[in-house]
Amino acid sequence: METIRSVKAIISWDRDPTKYELNIWLRDLIVHFGIIEGRQLMGDAWTVSVRVTGFIEGTWDTYADVGFIVDEAPWHELVSGYTFRLWAGKEIATVKIL
């Protein structure tokens, strides 16, 4: 079984996240360090894995594990309080590292 290095986070989704199964790694998401012009990403972008670990009742927020898929990614950014947007063809959520 593959081990994925990750950090704990809360994700505030732009749409209802109940379509995501708990404890299944989502692998087609991007964290973008730069600007977005139209649907074009300008600047560095890294693929991240996200695993929803729980739903927060009454909200579209979830608890999650988040991690880059390569060691060369900016892991030093994933510290408590850091926030970033997830991209999947468009911005879909805000992640806050716990």
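Scroll up a little and you will see the structure.
All values derive from a computational prediction rather than experimental measurement. (Residues numbered from 1 in each chain as written. Predicted model: local features only at pLDDT ≥ 70, side-chain atom pairs only at ≥ 80, totals over all residues. Heavy atoms only, no water.)

Chemist: Is there a simple way to explain the nonpolar core in this structure?
Modeler: Across soluble globular proteins, you tend to see nonpolar side chains buried next to one another. Within the largest apolar cluster, 22 residues are counted, with the highest numbers of intra-cluster contacts made by I11, W13, V50, V66, F84, L86 and V95. Of all the elements in the fold, those that place two or more residues in this core are β1 (7-13), β2 (25-37), β3 (40-55), β4 (61-68), β5 (83-87) and β6 (91-97). Here V95 is in contact with A9, I10, I11, V66, Y82, T83, F84 and L86, once residues within four sequence places are set aside. (Core = buried A, V, L, I, M, F, W, Y, C linked by side-chain atoms within 4.5 Å. Buried < 20%, exposed > 50% of the residue type's maximum accessible area, 1.4 Å probe, protein only. Helix = DSSP H or I, 4+ residues; strand = E, 2+ residues; numbered from the N terminus. Contact = heavy atoms within 4.5 Å.)

Chemist: When you look at the sheet that holds β2 in this model, what are you seeing that I'm missing?
Modeler: Adjacent strands of a sheet pair through backbone hydrogen bonds, lying either parallel or antiparallel. Pairing is antiparallel around the closed barrel formed by 6 strands, whose spatial order is β1-β4-β3-β2-β5-β6. The sheet shows a mean angle of 45 degrees between the axes of neighbouring strands, direction not considered. In the sheet, β5 pairs with β6 via 5 bridges, with the strands oriented antiparallel. When the bridges of β6 are listed, F84 appears paired with V95. (Pairing = 2+ DSSP bridges. Axes fitted to C-alpha atoms, helices over the stretch in contact; angles between N-to-C directions.)

Chemist: Is there a simple way to explain the pattern of salt bridges in this structure?
Modeler: If charged atoms from side chains of opposite charge come close, those side chains can pair. As enumerated under the stated definition, the model contains 5 salt bridges in all. Ionic pairing is found between D14 and R85, a salt bridge with its closest N-O pair at 2.7 Å. Highlighted residues: D14 in the loop between β1 and β2 and R85 in strand β5, separated in sequence by 71 residues. Salt-bridge contacts for D65 lead to R51; the nearest nitrogen and oxygen are separated by 2.6 Å. Of the two residues, D65 is situated in strand β4 and R51 in strand β3; the sequence distance between them amounts to 14 residues. For D65, a relative accessible area of 2% corresponds to the buried category. On the basis of relative accessible area, R51 is assigned to the partly exposed category, the value being 24%. The network of salt bridges with common partners includes K8, R51 and D65. (Salt bridge = Lys/Arg side-chain N within 4 Å of Asp/Glu carboxyl O.)

Coordinates in, geometry out; function isn't part of it.
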